[in-house]
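# An overview of the molecular structure
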Amino acid sequence: MRVLFSAPDWARWQPALEAACPEAQFVRDAPAESVDAIIYAPGSGIEDFTPYRNARLVQSLWAGVERIVSNPTLTQPLARMVDPGLAQGMTDYCTGWVMRAHLGMDNYAQDGIWRNGTVPPLAHARRVTVLGAGALGMAVARALKALGFDVATWSASGRGTEGIAAYPGNAIEDALRRAEILVTLLPDTPATRDMIDAHALSLLPEGATIINPGRGTLIVDEDLIAALDSGHLRHAVLDVFRVEPLPPAHPYWAHPAVTVTPHIASETRVETAAQVVAENLRRAMRGEKPLFLVDREKGY
Ligand code: NDP
């Protein structure tokens with residue numbers, strides 16, 4: 001099987017892929033019709049998939065596929081990345097920022113003032129909602145639950161797991177109303193764009209914190225800034241933006257209630273992801289359905 005690697009970091013991926021899938025031949029370039037599968041990341045150069053007519057799989061190295069899913073030339077099966085290492089990184093990021101909000105770590109400026117008026121509640125008294133109950137949202141919800149938080153998830157299907165309340169698509173308002181801390185792990189699709197607008201933000205409890213490592217298109221930036229300015233929201237931690245890198249003049253940079261992180265919440269980890277890619281290549285070779293197949297209609 002000839003596999004075209006069309007993504008950055010070949011030097012890091014090559015040994016891991018060759019070890020995980022020795023039966024495949026990984027190449028950086030090849031006549032299009034000789035390619036059996038493509039490993040892909042955005043910006044790698046392929047815009048037109050038409051010539052790769054024998055490819056049985058396009059394996060994205062990214063979890064988010066918004067930059068490829070609507071490419072009209074892509075008719076081959078598209079699999080997105082679900083990687084234990086990626087999930088662990090996202091769990092670390094989200095639990096860290098949730099803890100910061102929960103414990104009020106920003107309340108204690110080193111300015112000589114003895115602010116002992118409020119002891120943080122225990123985690124079980126803190127309600128956290130995770131929008132998105134997919135590979136990442138569910139991993140984060142489980143980790144928060146294990147730390148003791150009162151966690152709920154919200155997703156189109158309302159799929160859940162033991163011990164974690166699960167709100168279905170039509171119960172978005174209930175999911176938001178309870179969210180003292182809101183973590184958003186939704187994909188960028190036509191249905192999720194601008195979902196968190198002034199109305200959605202108004203449903204969050206007074207003083208809520210929002211943590212968005214999903215996609216920047218979810219949030220109406222002006223509405224979020226207005227909600228922070230009015231004091232209705234306490235803090236926003238944003239990892240993803242409509243334009244990346246976030247332009248230096250963007251109001252988020254200077255806003256005292258916003259923390260900007262530069263799309264580093266997590267990333268695909270070569271060591272664990274190579275195993276996932278290998279499994280999907282084997283499935284493609286056997287003519288089987290790949291794992292984590294993208295639903296073109298839904299866009300994720
Ligand atoms: P999944 O596809 O596994 O999960 C997506 C979840 O969102 C599912 O629970 C799905 O519902 C839900 N969902 C999608 N559309 C809607 C909708 N319109 N209404 C309600 N629920 C909806 O994705 P992952 O968990 O793997 O990844 C989530 C996102 O995280 C990625 O798409 C990417 O944008 C982002 N990401 C960010 C990174 C970073 O470093 N900042 C790194 C990696 C990913 P259902 O279960 O019903 O299908």
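Use the structure listed above.
The text that follows walks through the structure, step by step, so that each part is easy to find. This is a predicted model, so every value here is computed, not measured.

### Overview of the overall build of the protein
- A tally of regular secondary structure across the protein gives eight helices and 12 strands.
- For 300 residues, the compact-globule formula gives about 19 Å, and the C-alpha radius of gyration of the protein, at 21 Å, lands near that figure.
- The principal-axis extent of the C-alpha atoms belonging to the protein is close to 70 × 45 × 40 Å.
- A buried classification covers 52% of the 300 residues belonging to the protein.

### Focus on the site of the ligand
- The immediate surroundings of the ligand are formed by 30 residues, with Arg80, Leu136, Ser157, Arg159 and Tyr300 found nearest.
- Between the ligand and Ala156, the relevant distance is 2.9 Å, taken from a nitrogen atom to a main-chain nitrogen or oxygen of the residue.
- Contact distances for the ligand include 2.6 Å between an oxygen atom and a side-chain N or O atom of Tyr300.
- For the ligand, the accessible surface in isolation is 940 Å², of which the surrounding protein chains cover 93%.
- Elements that contribute at least two residues to the shell around the ligand include exactly helix H2 (84-103) and helix H3 (135-146).
- Top element by residues in the shell around the ligand is H3. It accounts for three residues.
- Each of domain 1 (2-83 + 268-286) and domain 2 (86-260) accounts for three or more of the residues forming the shell around the ligand.

### Observations regarding the pairing of strand E6 (residues 127-131)
- Taking burial as the measure, the five residues of E6 include four buried ones, the bulk of the element.
- Looking at chain direction, E6 and strand E7 (residues 150-154) are connected through five bridges and run parallel. What sits directly across from Val128, in E7, is Val151.
- Handedness of the β-α-β unit built from E6, H3 and E7 comes out right-handed.

### Looking at the layout of surface pockets
- Space inside the second largest pocket adds up to approximately 520 Å³.
- The wall of the second largest pocket is formed by 26 residues, among which Ala101, Leu103, Gly104, Asn107 and Arg234 lie closest to the centre.
- Of the residues in the lining of the second largest pocket, the class split is 11 nonpolar, eight polar and seven charged.

### Topic: helix H8 (residues 270-285)
- For H8, which comprises 16 residues, the first-to-last C-alpha distance of 22 Å matches the rise-based estimate of 22 Å (1.5 Å per residue) to within 8%.
- Positive phi shows up at Gly287, right after H8, with a value of about 75 degrees.

### Thoughts on the sheet that holds strand E9 (residues 181-184)
- Taken together, seven strands build an open sheet; the order of strands is E8-E7-E6-E9-E10-E11-E12 and the sheet is parallel. For this open sheet the edge positions go to strand E8 (165-167) and strand E12 (258-260), each flanked by a neighbour on one side alone. Averaged over all neighbouring strand pairs, the angle between strand axes comes to 15 degrees, with direction disregarded.
- As defined by bridge partners, E6 adjoins E9 across four bridges and the pair is classed as parallel. When the bridges of E9 are listed, Leu131 appears paired with Thr184.
- This element, H3, spans E6, E7 and E9 of the sheet and lies at about 165 degrees to E6.

### Focus: the sheet that holds strand E4 (residues 57-60)
- Pairing is parallel across the open sheet formed by five strands, whose spatial order is E2-E1-E3-E4-E5. Bordering the open sheet on either side are strand E2 (25-27) and strand E5 (78-79), each of which pairs with just one other strand.
- Sheet analysis places E4 next to E5, joined by two bridges and oriented parallel. Paired with Val58 across the bridge in E5 is Leu78.
- Sheet contacts for H8: strand E1 (2-6), E2, strand E3 (37-40), E4 and E5; angle to E4, the most-contacted strand, approximately 170 degrees.

Rules behind the numbers
Residues numbered from 1 in each chain as written. Predicted model: local features only at pLDDT ≥ 70, side-chain atom pairs only at ≥ 80, totals over all residues. Heavy atoms only, no water. Helix = DSSP H or I, 4+ residues; strand = E, 2+ residues; numbered from the N terminus. Rg over C-alpha atoms; globule rule 2.2 N^0.38 Å. Buried < 20%, exposed > 50% of the residue type's maximum accessible area, 1.4 Å probe, protein only. Near = heavy atom within 4 Å. Polar contact = N/O pair within 3.5 Å; in protein donor to acceptor, adjacent residues only side chain to side chain. Areas by Shrake-Rupley, 256 points an atom, 1.4 Å probe, with all protein chains shown as cover. Domains from an automatic or database assignment. Pairing = 2+ DSSP bridges. Right-handed = clockwise from strand over helix to strand, strands pointing away. 1 Å grid on protein atoms, 1.4 Å probe; cavity = no way out; pocket = protein on both sides within 12 Å on 5 of 7 lines; lining within 4 Å. Points joined across faces, edges and corners; volume = space filled by probe spheres on them. Nonpolar A, V, L, I, M, F, W, Y, C, P; charged D, E, K, R; others polar. Expected span 1.5 Å × (residues − 1). Axes fitted to C-alpha atoms, helices over the stretch in contact; angles between N-to-C directions. Contact = heavy atoms within 4.5 Å.

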